[in-house]
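# Structural overview
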Amino acid sequence: ELVQQRPTVAYDTLHCCTESHNISQEHTTNTMSYYQNTGVSNRKQQQYGGTYGQQGTYGGANSHAQQGAAFYNNPSAASAPVPAAAPTTWQPTPAPHSGNQINLGGSTNTDSGNSMNSMNAAPNSGGGGAQPGPTVQQSQQPEQPQLWNPANINSMMKNDMVMNMAYDGGKAFLANGAARMIPGLELLMVTLRYYFAVDNSYVLHKMQRVLFPFLKKDWKRLEAEGHGNVKYALPRFDENAPDLYIPFMSLVTYVLLCALLFGSKGQFTPEALPEITTRCFVTQILEVLAIRLGHYVMQVPCSLLDMFCFTGYKYMGLCVNMLVGLFFGYWPYYGTMTWTASATAFFMLRTMANNVPRITATNGPKREVMVMVFAASQALTMWWLSQTKLLSE
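Our subject in this report is the structure included herewith. (Residues numbered from 1 in each chain as written. Predicted model: local features only at pLDDT ≥ 70, side-chain atom pairs only at ≥ 80, totals over all residues. Heavy atoms only, no water.)

On to the pattern of salt bridges, then. Enumeration according to the criterion identifies three salt bridges in this entry. Of the charged contacts, one joins Lys 314 and Glu 287 as a salt bridge, the two residues approaching to 2.9 Å between their closest N and O atoms. Here Lys 314, found in helix H10 (residues 314-328), pairs with Glu 287, found in helix H8 (residues 272-298); they are 27 residues apart in sequence, far enough to count as distant. Looking at Glu 287, the relative accessible area reads 6%, which means it is buried. (Salt bridge = Lys/Arg side-chain N within 4 Å of Asp/Glu carboxyl O. Helix = DSSP H or I, 4+ residues; strand = E, 2+ residues; numbered from the N terminus. Buried < 20%, exposed > 50% of the residue type's maximum accessible area, 1.4 Å probe, protein only.)

Structural data, given as structure tokens:
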């Protein structure tokens, strides 16, 4: 049966060899045409195309043909190995061009602009035809600049030059942009700047003066050098000067402590924060209006911002009361409140006594009576703003 099939096997083998030979000739022609179009010399065309076709695929076709003929004529000699064509290492010399990269079997030529990959034509060492395969070449793309990197924020914040530029830019924006768009905003910013000119030393001494006013004897404000109207020194140079920093921070702290009290009793709601804040603001505004009315009746000048400062120091006493109530309960809270309310009222008494002019209207209320009323209002408003219903006894 094997002998009967020998003509068919030999014919199939010769047919495959013929097809392989035709493919190698077609590939050789394409290769030579390509290099002719790209400007390679005739000698290089013969070296690239002829060497590849004869020693590569064409050599493999001859090997297959010899093996098929030997099997047809002498079946016993088919098992004998047919010497394969010796593999040839193909390393063509790159032709000088500009720009583009053309990769042929490991060789790289440059041309204008783009990269181009051809088939890898390394011959197979087993005697068969070379199997062409694509060579993938990845071009390195330039890294795009990163416009925003959060990791650089810390280094930018530590750079004094960057911070100074940001400060100058914000100052120029307020001075030339938003400050002029909103009427009165520039004047308000300049006015509020005085009440926030504080430092750590001032805050410490001011807290001692508010909580322990009985130990202080000097309550007169320092006057700064100026022409015409009397100008007072900045708060950081005078601990008797009013400021808005301590009242504002004390108010925020007091609201948070009240929220902590509600949360510890399991009755905290998001509406608790705005309710407490609104209650404090409305109470203080009514108090300032009442004091302004008293000054109007006495026919003496009054600064509304100074009154907001003086009436806002009671929030510091409320913070101390709430801390004691959270840790020690109901009765210690009222014991502490007795002290803080008395201290705040005495502070208001001494402050208003040195700020209200001694000469008032003859037909108006007496100055001493009005000062006592102003001081007593601090104790009443502290009791009104206290949150004691949730304190444990």
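As a further point, take the layout of surface pockets. Estimates place the volume of the largest pocket at around 630 Å³. Breaking the lining of the largest pocket down by element, the ones donating at least two residues are helix H5 (185-195), helix H9 (304-312) and helix H11 (330-355). Tallied by class, the residues present in the lining of the largest pocket amount to 15 nonpolar, five polar and four charged. (1 Å grid on protein atoms, 1.4 Å probe; cavity = no way out; pocket = protein on both sides within 12 Å on 5 of 7 lines; lining within 4 Å. Points joined across faces, edges and corners; volume = space filled by probe spheres on them. Nonpolar A, V, L, I, M, F, W, Y, C, P; charged D, E, K, R; others polar.)

As for its position among the elements, Cys 309 is in helix H9. According to the relative accessible area criterion, Cys 309 is buried, its value standing at 0%. Separated by 68 residues in the primary sequence, Cys 309 and Ala 241 have C-alpha atoms spaced 9.5 Å apart. Setting aside residues no more than four positions away along its own chain, Cys 309 makes contact with Tyr 195, Pro 242, Asp 243, Leu 244 and Pro 247. (Contact = heavy atoms within 4.5 Å.)

Turning to a nonpolar patch on the surface, a few remarks are in order. The grouping of Phe 196, Tyr 245, Phe 248, Met 249, Val 252, Leu 256, Phe 268 and Leu 273 at the surface amounts to a nonpolar patch, some 710 Å² of accessible area in total. Element by element, the count of residues in the nonpolar patch is highest for helix H7 (residues 245-264), at five residues. Along the chain, Tyr 245 falls in helix H7. (Patch = residues over 30% accessible without salt bridge, like charges linked within 9 Å, V, L, I, M, F, W, Y side chains within 5 Å. Areas by Shrake-Rupley, 256 points an atom, 1.4 Å probe, with all protein chains shown as cover.)

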